[in-house]
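Survey of secondary and tertiary structure
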Amino acid sequence: MLKSTHPKPTIDRITQYGALALVAVMLVAALAQIVLALTVRPALLFILTAIITILLIPFVLMLTASTPGVTVTKEGLKIEPLIWKTHFVTWQDVKAVKYYPLLPHVGAEVTRKAMTGRKNYRPAEGIMLVIPSLPPQYRITGLLAGEGLTSVIGVTTRTHSNYDQLTEKIFTYTGTI
């Protein structure tokens, strides 16, 4: 059994609970915009801004589900998000293991490379596991990662400790390379 959590758990906690707080603010703002639309002219402008605010909510929620903590066992994968319910999926439930496309490219990380130093810099690496049986909050990541509305989780060097050992076990148990 190999358990992997975020390498910086305090930052992860702040990010996820901050995302939830932002969603609450966005919902209140959308409701306020609708109320304004009913009382002020031009109403169309407030209705449009309310719709835009509501449409942005799933992408903020993605921060809470895209790269959850995981525990790898011979039987399967225990997905342990900070906010959502823990799920256990068998290796047969993992339909594919692919490169995770939502990571920054090396050329886009000039500031990070400068701040950490060339010798300490490690480019972001990651894989995604396509798991259709997961709940809807994992589908947002799938949509942005090119998998349509299929549920996906990411495992990356930036969000998981023991990344190399973790991916080695995932590849072994899923039979992928």
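Residues numbered from 1 in each chain as written. Predicted model: local features only at pLDDT ≥ 70, side-chain atom pairs only at ≥ 80, totals over all residues. Heavy atoms only, no water.

Concerning helix H5 (residues 163-174)
Count 3.6 residues to each turn of an α-helix, and residues three or four apart come out pointing the same way. Between the first and last C-alpha of H5 there are 16 Å, a value that for twelve residues agrees with the 16 Å anticipated at 1.5 Å per step. Structurally, H5 contributes buried residues whose contacts are with strand E1 (2-4), strand E2 (69-72), strand E5 (96-99), strand E6 (126-130) and strand E7 (152-156). Gly-175 occupies a position one or two residues after H5 and carries a positive phi of about 75 degrees. (Helix = DSSP H or I, 4+ residues; strand = E, 2+ residues; numbered from the N terminus. Expected span 1.5 Å × (residues − 1). Contact = heavy atoms within 4.5 Å.)

Quick word on the sheet that holds strand E3 (residues 76-80)
The strand order across the open sheet built from four strands is E1-E2-E3-E4, with neighbouring strands paired in antiparallel fashion. On the outer flanks of this sheet lie E1 and strand E4 (87-90), each paired with one strand and no other. If you compare each strand with its neighbour and ignore which way they point, the axes differ by 15 degrees on average. Where E2 lies against E3, four bridges are found, and the strand directions are antiparallel. By the bridge assignment for E3, Val-72 is matched with Leu-77. The sheet strands contacting H5 are E1 and E2, and the helix crosses E2 at an angle near 55 degrees. (Pairing = 2+ DSSP bridges. Axes fitted to C-alpha atoms, helices over the stretch in contact; angles between N-to-C directions.)

Considerations on the sheet that holds E7
Two strands in a sheet stick together by hydrogen bonds in their backbones, pointing the same way (parallel) or opposite ways (antiparallel). Strand order in the open sheet made by the three strands is E5-E6-E7, with antiparallel pairing throughout. With partners counted over all chains shown, the strands left at the sheet margins are E5 and E7, one partner each. Strand-to-strand twist in this sheet, taken as the mean axis angle between neighbours without regard to direction, amounts to 25 degrees.

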